[in-house]
Amino acid sequence: MNDQLHGFYRSTFTDPSGVKHTIATTQFENCDARRAFPCWDEPAFKATYQVNLTVPSHLAAYSNSPISSDIDLGNGQRTVSFTPTMKMSTYLVAFIIGPFEETEAIDVDGVPLRIVCPIGNAHLTAHALEAGEFGLRFFAEYFDIPYPGDKMDMVAIPDFMQGAMENLGCITYRMPDLLIDPATASVAEMERVAHVVLHELAHMWFGDLVTMEWWQGIWLNEAFATFMQVLSQDAFRPQWEMWTAFGASRDLALDIDGLHSTRSVEYEVVSPADTQGMFGHLTYEKGAAILRMLEQYLGAETYRDGIRNYLRKHSYANTVTTDLWDAIEEVSGQPVRDVMNTWILQGGYPLVTLQDGVISQIPFAYGPESGESAIGTSWKVPVTTRSLKGGTASVHLLEENAISIDDDPPVVLNAGGSGYFRSRYGVKEAAALADHIDELEAIERAVLLSDSWALLLSSQISAEQFFTIAGGLGDQDEPTPWGTLATAVNYINRALPDEQRTGFLERVRAIFGPQFARLGWEARPGEHELTPQLRALVLATLGTVCRDEAIRSEALRRFDDNDVSGNLANAILRVVSSQDRPGDYETFLERYRNAVTPQDEQRYLRGLWGFSEERAALDAAEKSFSEFRNQDASTMFGLLTSNATTGPLVWRYMASRWDDVLKLPPNTLSYVTRGLPTFINDAALADEVEAFHASHPLPGEQKEVQQNVERMRVGLNFAVAMREQFQ
Ligand SMILES: [Zn+2]
């Protein structure tokens, strides 16, 4: 058994009484079932599996189906046998052995649902159980097909590479993605648990019951699960406004997809490395976004009927992507295959412009092309427009030729916010809209801010224009557009030398200051569940970018009193670490080591990136190779290299230990380069970084490395523009 988090592997944990334990568990996607047993290890070879495990008597054992017999061998061991599974692919087989505890099974319309966790954690299961029960019912109803397995165990594993894995009836999870204490967690952390649970449950139908023929279809598997996760989560907790929040996730894809080093969503897969390259934002978030765009274009019911048609037709079998388009086309009578091919077979997306009553498209790019570009030329774009004067929205299918529209100004492009493109308004149209930003729907405001930020980053509008639009947010409590604004503010702040910051900081104070005056530190009775997220953004921005003294000292006071939980926790830790007070780095480490919830453990670990002292940065980098769980190592390097002061130092340290980087668990290695887009002030460093990564490729993940390098180049140009604009 290895500790590389794939195949049949070893995971360890220490229980609340300080005793160390070992777990044996599996992770087979994509092609690691063959590490555990001989098999035709490709998704098209479906079979039934009957698992027998001979294990030490005191340990629990789990697999995809219920236990059929449990025989004591009299020698300290027992043999646990499981009933045969349904017909399915090898990558969905699982078996797990260890000192676990289980929750009492909940009967969900005949399906027993439990959570299985390392002993000492059962009190952290209520939220995931509630989401699980909701999801099983929601999906059986939406797909109009009963859950295909015999039981559902959701199992928390202390060492785990991804968020979770959709093994039929035996889903495995990273600890913080399943176990949570609602009393001390933030809404974002609660959202995350529900998100992962619902995503995995959607796979039981889409992925497990109907499976891609070959790995080039994996994008659709993940895109669809992501789409269903947002749809079901929106029903689970309407107050979380999940489609608006999804706008922020979609931006992760738009950010990459506006680079010349993007890729098409679907491409030919030959080797395991090709498959590995498919797991990323362009699969999950772009994939889900174009499905949402299709759903809104066809109508939710027609789309759902198409999905039902597809799942019924292909149950227990395998499919290619076009099977889905054909099934939806059959139900809708619309040219689904033609439209979708323009989105999945070429990279990039359009910039849709409204000027003088005409809409048209050109490809969007963050910077000029140098060499090859994977960005396509034109798309079949469903564009919804709406007049703010009232009346119904109109839907257009924009192709190569421009279209005239007759909505009364002011008009909003991408009405309803489900289009996967950037919007731009002519001077007249922008002016007409500017005074009515408060009349937009929340999701449209989020899209407007996000599109404006993309136009600023690509030097297509000025900082002045950007801040004018941002000023239109007024007292709106929605955290999504404010999050975009905070990102922009942090990036501009990095671009400017101290002596050029005065005017910029005045601007930031003028926008965020009144929000702090309005929101303060304490929740007001009856406020919206998402308002604390805005409060956290405001505190973090004023406390770090503007170095507001009152906020900085209150953050320290709360930290010293160990009053750090809930929605403000991460903001407090960020403001504390930015002050580099002697001893605080050690306190973070100590609280990480003694954390009582997985969320606390992660927030103190990840929070280490904020310290700007060389000694602390190098210590955290070294511990990423030694003390910290190897599941967290690549993420930690991505974070530590993002520190404005010590990032380059950590990058050089990492580069000097590249052989050790290559020994980290595969599949998420490229995360070590996620800090590169913050290297925006030093052209010589950028050259050094680019040359190093070109000569030290990461197998299967070099595409994401190239994208992070290109983002660094975009950032360097942006920084030059900002230094010119904030004289
Ligand atoms: Zn998935």
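Cut-offs used in this document
- Residues numbered from 1 in each chain as written.
- Predicted model: local features only at pLDDT ≥ 70, side-chain atom pairs only at ≥ 80, totals over all residues.
- Heavy atoms only, no water.
- Donors = N, O, S within 2.8 Å, 3.2 Å for Na, K, Ca; no water.
- Helix = DSSP H or I, 4+ residues; strand = E, 2+ residues; numbered from the N terminus.
- Buried < 20%, exposed > 50% of the residue type's maximum accessible area, 1.4 Å probe, protein only.
- Axes fitted to C-alpha atoms, helices over the stretch in contact; angles between N-to-C directions.
- Parallel < 35°, antiparallel > 145°, perpendicular 65-115°, else oblique.
- Left-handed = near helix turned anticlockwise from the far one by under 90°.
- Contact = heavy atoms within 4.5 Å.
- Nonpolar A, V, L, I, M, F, W, Y, C, P; charged D, E, K, R; others polar.
- Polar contact = N/O pair within 3.5 Å; in protein donor to acceptor, adjacent residues only side chain to side chain.
- Pairing = 2+ DSSP bridges.
- 1 Å grid on protein atoms, 1.4 Å probe; cavity = no way out; pocket = protein on both sides within 12 Å on 5 of 7 lines; lining within 4 Å.
- Points joined across faces, edges and corners; volume = space filled by probe spheres on them.

Peer 1: Give a description of the coordination of the zinc ion that names residues and reports values.
Peer 2: Coordination of the zinc ion by the protein is provided by His 199 (NE2), His 203 (NE2) and Glu 222 (OE), with metal-donor distances spanning 1.9 to 2.1 Å. Site description for the zinc ion: donor spacing in sequence, H-x3-H-x18-E. With His 203 in helix α2 (residues 187-203) and Glu 222 in helix α3 (residues 218-236), the pair connects residues that are 19 residues apart, well separated along the chain. Residue His 203 is classed as buried on the basis of its relative accessible area of 0%.

Peer 1: Tell me about the packing of α2 against α3, residues and numbers included.
Peer 2: Closest axis-to-axis distance for the α2/α3 pair is 8 Å, and the angle between their directions is 125°. In terms of orientation, α2 and α3 fall into the oblique class. The crossing of α2 and α3 is right-handed. Contacts between α2 and α3 involve Glu 191, Ala 194, His 195, Leu 198, His 199, Ala 202 and His 203 on the former and, on the latter, Asn 221, Glu 222, Ala 225, Thr 226, Met 228, Gln 229, Ser 232, Gln 233 and Phe 236. Its residues assigned to classes, the contact of α2 with α3 shows six nonpolar, eight polar and two charged.

Peer 1: Can you tell me about the side chain of Asn 121, naming the residues and giving the values?
Peer 2: Tracing the sequence through the fold places Asn 121 in the loop between β10 (111-118) and α1 (126-143). Among the polar contacts made by the side chain of Asn 121, one reaches the main-chain carbonyl oxygen of Pro 118 at a distance of 2.9 Å. If near-sequence neighbours (up to four positions away) are discounted, Asn 121 is found in contact with Glu 101, Met 175 and Leu 179.

Peer 1: Could you give me a rundown of the pairing of strand β1 (residues 7-14), with the residues and numbers involved?
Peer 2: With eight bridges joining them, β1 and strand β2 (residues 20-27) adopt antiparallel strand pairing. Counterpart to Tyr 9 in the pairing with β2 is Thr 25. Linking β1 to β2, which pair antiparallel, is a turn of five residues; within it Gly 18 sits at a positive phi near 90°.

Peer 1: Lay out empty space enclosed by the protein with the relevant residues and their values.
Peer 2: With a probe scaled to a water molecule rolled over the atoms, the places where space remains empty come into view. A full pass over the atoms with the stated rule returns four cavities of 30 Å³ or more. In this structure, the largest cavity encloses a volume near 90 Å³. Gly 247, Arg 250, Asp 251, Val 447 and Ser 450 are, among the 15 residues lining the largest cavity, the residues nearest its centre. Broken down by secondary-structure element, the contributors of at least two residues to the lining of the largest cavity are α4 (242-257), α11 (442-457) and α13 (479-495). With five residues, the top contributor of residues to the lining of the largest cavity is α4. Grouping the constituent residues of the lining of the largest cavity by class yields five nonpolar, six polar and four charged. Here the second largest cavity is characterised by a volume of approximately 80 Å³. Around the second largest cavity sit Phe 206, Gly 207, Val 210, Thr 211, Met 212, Gly 217, Leu 220, Asn 221, Tyr 310, Thr 319, Val 320 and Thr 321, which together line it.

Peer 1: Describe the sheet that holds strand β5 (residues 67-72), with residues and values.
Peer 2: Reading across from one edge, β3-β6-β5 is the order of the three strands in this open sheet, with antiparallel pairing throughout. The sheet is open, and its two edges are formed by β3 (52-56) and β5, each paired on a single side. Strand-to-strand twist across the sheet, computed as the mean angle between neighbouring axes with direction ignored, equals 20°. As paired strands, β5 and strand β6 (residues 77-82) are joined by five bridges and run antiparallel to one another. Across the sheet, Asp 70 pairs through a bridge with Val 80, a residue of β6.

Read these as spatial facts, not as claims about activity.
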